[in-house]
Amino acid sequence: MARITVFDTTLRDGEQSPGCTMTPSEKLRMAHQLEELGVDVIEAGFPIASDTDFDAVGTIAREIREPVIAALARATAGDIDRAGHAVEGARRSRIHTFIATSDIHLERKLGIGREECLERAAAAVARACRFTDDVEFSAEDATRTDLDFLCAVITAAVEAGATTVNIPDTVGYTFPAEFRDTLRELVARVPGLGGEVVLSVHCHDDLGLAVANSLAGLDAGARQVECTINGIGERAGNASLEEIVMALKVRADINEHFTEVNAEELYPTSRLLSETIGVMPQPNKAIVGDNAFAHAAGIHQHGMLSDRATYEIMTPETVGAPPTQLVLGKHSGRHALRHRYEKLGHDLTHEEMAEASRYCTDLAERRIDVTDEALLSILRRIKGGEGGAGESRGVQGRSADRVYR
Ligand code: MN
C-alpha cells in the first residue's frame, strides 16, 4: 500500500477562480479546517500577486502547524524571493515554482525558446533551495509539451534540487490512458523521479476527467495528488479532493493507494467553503452535493428501506454528511411514505395510505417539497374526513425550487 500526499490548492488555484475569492481571514479559517481534514500540504497562495496574498500566506504559515505550507512562484527571482519570505514562519515550508513548457505557451505567452525555458527552470529551483529544502517544480501545460523536451526540463529541475516534480494537465486535455503512458515514460527516463523525487499530478476538469486522470497518475507512480475542495479552480475546476479521497477509500479492494485524510471532515469542509465563497456545489455533485445521498425513485427507496447497501456504496456518515434522505416526490412509492409516517409516530390504514399518497403526488407534481409538516397536515385532513384529492391548500411545504448562487 502506498500513502498518497494530498496537496490541497483550494486557497490558490481554487481561490483564483471566478467568484471564489477569499479575504485573508477567510483563507485562514479554511486553512484551519484543511488542517482538521488532515491534508498533507496546503498551497496557501501566490505571494507575488498582491500584498494581501503575501500577508495571508504569511499568517497561514505561522498559524497552521501540521501540514506543509506551500507558496506559488513563477520561475523568476522576484517571485521566488517573495514566496520564500512569505512561508519563512512555517514549521515546514515549500516553494512551488513553475514555468510553461509547451511550445504554444513558450512562443505565444512567454516569448522565449526551449533553451531559455530550461535555464530558467533550473535557476528558479536552485534559488528556491536557498529558502527551503522542500522545492516543487511544475511544468505548466505539461500534457501538451513535447515529451523529449519535458524530460529535459524535469531532469534539469531535479538536478537543480527539486524534491517534488508536478505534471499539470493545465488545460484539462489529457485522457487517463494517455496520461498514464506519459507519466510512465517520465519515470523511466528521468533519474530519481518516482523514487526519492516525488511525482505529482495536477489535473483540470475541462473534459470532466480530472479525477479519472489523477487516479491514472497514481497508477503510473505519482505519490502526490493536487486537488481542491468541491473541485473549485480555474475554468471547469480542479480534481475534487473529496472524490479522490473517497474513490481510494471505497475501492480499496482494487487499488494500492490510500490517504490519511479524515473522511468525516469532508462534508463539513465542503460546507465551510461553500458558505465562505457563496458558491454551492451542484446538487448532484459526488460526495458533497445535496442529492449525493438522496433517493427519490420508489424502487430505490424500497431497496434502501430493506438494506441500504442496495443503493449506497458508502454512507453519508462516512463523509460527515447529514443522514440519507428518502425524498417524497413524484416518483417515490408507498414504502417510503409509510416509513416517514411511522417515523412521525403514525401507523396509517390501507385507505389512509392511499389517500395520503394522492395528496403527496399532487404536491410533488407541483414541485412542492413534501415536508413533515405537510404530511401531518394531510393526516389531520384525512382523519377529519375532509378528504378529496386535489385540494391541498394549507399543506404546502416550501417551494422545491432551490436557488443556487
Ligand atoms: Mn491549475
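Structure report, in brief. (Residues numbered from 1 in each chain as written. Predicted model: local features only at pLDDT ≥ 70, side-chain atom pairs only at ≥ 80, totals over all residues. Heavy atoms only, no water.)

1. Some remarks on the coordination of the manganese ion
Okay, step 1: Within the protein, the manganese ion binds to Asp13 (OD), His202 (NE2) and His204 (NE2); these donor distances fall in the range 2.0 to 2.3 Å.
Okay, step 2: Mapping the donors of the manganese ion onto the primary sequence yields the spacing D-x188-H-x1-H. (Donors = N, O, S within 2.8 Å, 3.2 Å for Na, K, Ca; no water.)

2. A word on the packing of helix H9 (residues 210-219) against helix H10 (residues 241-250)
Okay, step 1: Between H9 and H10, the least distance of the axes is 10 Å, while the angle of their chain directions is 50 degrees. With respect to their mutual orientation, H9 and H10 come out oblique. At the point where H9 passes H10, the crossing takes the right-handed sense. Between H9 and H10, the contacting residues are Val211, Ser214, Leu215 and Leu218 on the first element and Glu243, Ile244, Ala247 and Leu248 on the second.
Okay, step 2: Partitioned by chemical class, the residues of the contact of H9 with H10 number 6 nonpolar, 1 polar and 1 charged. (Axes fitted to C-alpha atoms, helices over the stretch in contact; angles between N-to-C directions. Helix = DSSP H or I, 4+ residues; strand = E, 2+ residues; numbered from the N terminus. Parallel < 35°, antiparallel > 145°, perpendicular 65-115°, else oblique. Left-handed = near helix turned anticlockwise from the far one by under 90°. Contact = heavy atoms within 4.5 Å. Nonpolar A, V, L, I, M, F, W, Y, C, P; charged D, E, K, R; others polar.)

3. Some remarks on the sheet that holds strand E9 (residues 224-227)
Okay, step 1: An order of E2-E3-E4-E5-E6-E7-E8-E9 is seen for the 8 strands of this closed barrel, with the pairing classed as parallel. Averaged over neighbouring strand pairs, the angle between their axes works out to 25 degrees when direction is ignored.
Okay, step 2: Against the sheet, helix H2 (residues 24-37) engages strand E2 (5-8) and strand E3 (41-45), with an angle of about 175 degrees to E3.
Okay, step 3: Packed on one face of the sheet, helix H8 (residues 176-189) meets strand E7 (164-169) and strand E8 (198-203) and runs near 155 degrees to E8. (Pairing = 2+ DSSP bridges.)

4. Quick look at the packing of H2 against helix H3 (residues 51-63)
Packed helix pairs are characterised by how far apart their axes lie and by the angle those axes make with each other.
Okay, step 1: Running from N to C, H2 and H3 cross one another at 30 degrees; their axes reach a closest spacing of 9 Å. Judged by the angle between their axes, H2 and H3 are roughly parallel. Remark: the crossing between H2 and H3 carries right-handed chirality. The residues of H3 that touch H2, namely those facing Pro24, Lys27, Leu28, Ala31 and His32, are Thr52, Asp53, Ala56, Thr59, Ile60 and Glu63.
Okay, step 2: When the residues that make up the contact of H2 with H3 are grouped by side-chain class, the tally is 5 nonpolar, 3 polar and 3 charged.

5. Quick word on the environment of Val261
Okay, step 1: When you line up the elements, Val261 lands in the loop between strand E10 (257-258) and helix H11 (266-277).
Okay, step 2: The spacing of Val261 and Ile4 is 257 residues in sequence and 9.8 Å in space, taken between C-alpha atoms.
Okay, step 3: Ignoring any residue separated from it by four or fewer positions in sequence, one finds Val261 in contact with Val6, Leu37, Gly38, Val245 and Leu266.

6. Thoughts on the pairing of strand E5 (residues 93-100)
Okay, step 1: Of all the 8 residues making up E5, 8 are buried; the element is thus mostly covered by neighbouring parts of the structure.
Okay, step 2: Residues Ser93, Ile95, Thr97 and Ile99 of E5 are buried on one face, and the alternating residues Arg94, His96, Phe98 and Ala100, pointing to the opposite face, are buried as well.
Okay, step 3: By the bridge criterion, 6 bridges tie strand E4 (residues 68-74) to E5 in an arrangement that is parallel. In the strand pairing of E5, Ala71 is matched with Ile95.
Okay, step 4: Handedness of the crossover is the feature at issue here: the chain leaves E4, passes through helix H4 (residues 77-86), returns alongside E5, and the resulting connection is right-handed.
Okay, step 5: Relative to strand E6 (residues 135-140), E5 runs parallel, the two being bridged by 6 bridges. Paired with His96 across the bridge in E6 is Glu136. (Buried < 20%, exposed > 50% of the residue type's maximum accessible area, 1.4 Å probe, protein only. Right-handed = clockwise from strand over helix to strand, strands pointing away.)

7. Topic: the environment of Asp51
Okay, step 1: Looking at the element boundaries, Asp51 is found in helix H3.
Okay, step 2: When the C-alpha positions of Asp51 and Arg82 are compared, they lie 10.0 Å apart, and in sequence the two are 31 residues distant.
Okay, step 3: Among the polar contacts made by the side chain of Asp51, one reaches the side chain of Arg82 at a distance of 2.8 Å. (Polar contact = N/O pair within 3.5 Å; in protein donor to acceptor, adjacent residues only side chain to side chain.)

8. Digging into unusual backbone geometry
Okay, step 1: One non-glycine residue, Asp141, adopts positive backbone phi at about 60 degrees.
Okay, step 2: Backbone geometry places Asn230, a non-glycine residue, at a positive phi of 60 degrees.
Okay, step 3: Structurally, Asn230 is set in the loop between E9 and H10.

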